[in-house]
Amino acid sequence: MSEFDIVDAEAVRSGRATDAYFDRTATALEGAGRNPRVVAEVTADQFPTGEFELLAGVKDAVALLSGRDVDVHAIPEGRLFDGGPVMRIEGEYLEFARLETSLLGFLSHASAIATAALDCRVAAPDSQVLSFGARHVHPAMTAAVERSALVGGFDGFSHVAAGELIGREASGTMPHALSICFGRGEQEAAWRAFDEAVDESVPRIALCDTYSDEVDEVLRAVDALGDRLDGVRLDTTGSRRGDFRHIVREVNWELGARGHDDVAVYVSGGLGPADLRRLRDVVDGFGVGGYVSNADPVDFALDVVAVEDEPAAKRGKLSGAKAVYRTAEGDHAVGLADRDGPAGAEPLMEPVIRGGEVVADDAFALDAATERALADAERVGYGSEG
Ligand SMILES: O=P(O)(O)OC[C@H]1O[C@H](OP(=O)(O)OP(=O)(O)O)[C@H](O)[C@@H]1O
């Protein structure tokens, strides 16, 4: 028994992390001596809608399917998708039937989070943007949240254990609790304690809104830490915010008037893309939490589309193994995999597993995924309406 309500990795890998009806389907098929060779596809929309989303979670989906006797094609992690399959699995149905639940979970949540992160990235292309949303999700999801935020172009994240798993260091300085532990009017003691104790590699960024006016706390932080102060963070709570842009401009003005233009200004607390657009020219960086971590999962489904090489599908779904393309005009198109695609179009799916062996590590390497996401966003003008 697990101490926490966390389904363990072995249950996911083995297929026990499944909806019960897949267990019963396996029992029924085995009882009937039936296990057809099928093609199954993971799809959100059957036809392109004109609304791009960012694919993530491919790394974990491939890890789940590896070692099974299947061939898998997928759109690489970090590419935009729009209708048609993002992944195609070919093999005997019982080889992967019980993996569907976890497979869709990996792709659905990660893609939603990566898409929301990309919304923020394009809203403030030149600012530092950090993921602060781990606190809003179940601890079992935190590494997926932070990794997907990076796929969507974030510069960093706050969750320590997620960082250990991803192989990147978490960033962060201080919560309001630090100042409160020293007491009202003792913010200087809190900032100095941080400066004296915390490793030199961590930037000195003072949280400046705990008890009093932002300008007042910022100037006190400057006096307390002098040239050792790298930046300030304003996390002014919504009920006290008023005109946040004006507050930030006032802070910048007063820092400049005292020769401290080099003190960076970061803001956080309930921010989304519209806020980032409104503030991006007056701040150096943002902490974004709920907008990204709480994104609604993409509604992916896995459907059998061919049985023993014959097209087959439930009604409302398109039968036959498919390919997806980016056309010369930048649109996406869906066609049957055994036919020619549109002239000049680029096929988006590539082999990732052959006979259980992973064949395309680059399809889900983190840096490559982020590069693809930013290049795709540029190419299609993602989020450029703002
Ligand atoms: O609002 P979100 O975009 O989801 O961002 C997540 C949190 O990050 C900030 O925490 P901070 O450390 O400043 O808060 P605390 O010290 O009050 O816990 C902010 O106050 C949010 O509560």
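These numbers come from a predicted model, not from an experiment. (Residues numbered from 1 in each chain as written. Predicted model: local features only at pLDDT ≥ 70, side-chain atom pairs only at ≥ 80, totals over all residues. Heavy atoms only, no water.)

The domain boundaries assigned to the chain delineate domain 1 (9-113 + 296-380) and domain 2 (126-294). Using only C-alpha atoms to locate each centre, domain 1 and domain 2 end up separated by 38 Å. The partner domain 2 presents 14 residues to the 18 residues of domain 1 that form the contact. The junction of domain 1 with domain 2 conceals about 1,200 Å² of combined surface from both sides, 63% of it contributed by carbon and sulfur atoms. Area buried by domain 1 at its contact with domain 2 is led by I113, L366 and T370, which between them contribute 50% of it. (Domains from an automatic or database assignment. Contact = heavy atoms within 4.5 Å. Buried area = accessible area lost by both parts, 1.4 Å probe.)

As for its placement among the helices and strands, G163 is situated in helix α6 (residues 160-166). Residue G163 is classed as buried on the basis of its relative accessible area, which comes to 4%. With 17 residues separating them along the chain, G163 and E146 place their C-alpha atoms 7.9 Å apart. (Helix = DSSP H or I, 4+ residues; strand = E, 2+ residues; numbered from the N terminus. Buried < 20%, exposed > 50% of the residue type's maximum accessible area, 1.4 Å probe, protein only.)

Turning our attention to the UniProt feature "domain: Quinolinate phosphoribosyl transferase N-terminal" (unreviewed entry) in the chain. Here, UniProt's "domain: Quinolinate phosphoribosyl transferase N-terminal" (unreviewed entry) annotation points to residues 19-111. Across residues 19-111, helical content stands at 35% and strand content at 26%; the span's end C-alpha atoms are separated by 21 Å. (UniProt positions renumbered as here; feature names shortened; annotations may be inferred.)

If you walk across this open sheet you meet the 7 strands as β13-β12-β1-β5-β3-β17-β18, and the pairing is antiparallel. The sheet terminates laterally at β13 (310-311) and β18 (357-358), the two strands that pair on one side only. Sheet analysis places strand β3 (residues 70-74) next to strand β17 (residues 350-354), joined by 3 bridges and oriented antiparallel. Paired with V72 across the strands is I353, a residue of β17. Most of the contacts of helix α4 (residues 100-123) go to strand β12 (residues 301-307), to which it runs at about 125°, and overall it touches β1 (37-43), β5 (85-92) and β12. (Pairing = 2+ DSSP bridges. Axes fitted to C-alpha atoms, helices over the stretch in contact; angles between N-to-C directions.)

Taken together, 6 strands build an open sheet; the order of strands is β7-β6-β11-β10-β9-β8 and the sheet is parallel. Strands at the two margins of the open sheet, each flanked by one partner only, are β7 (156-157) and β8 (205-207). Looking at chain direction, strand β6 (residues 128-131) and β7 are connected through 2 bridges and run parallel. Opposite L130, over in β7, you have G156 as the bridge partner.

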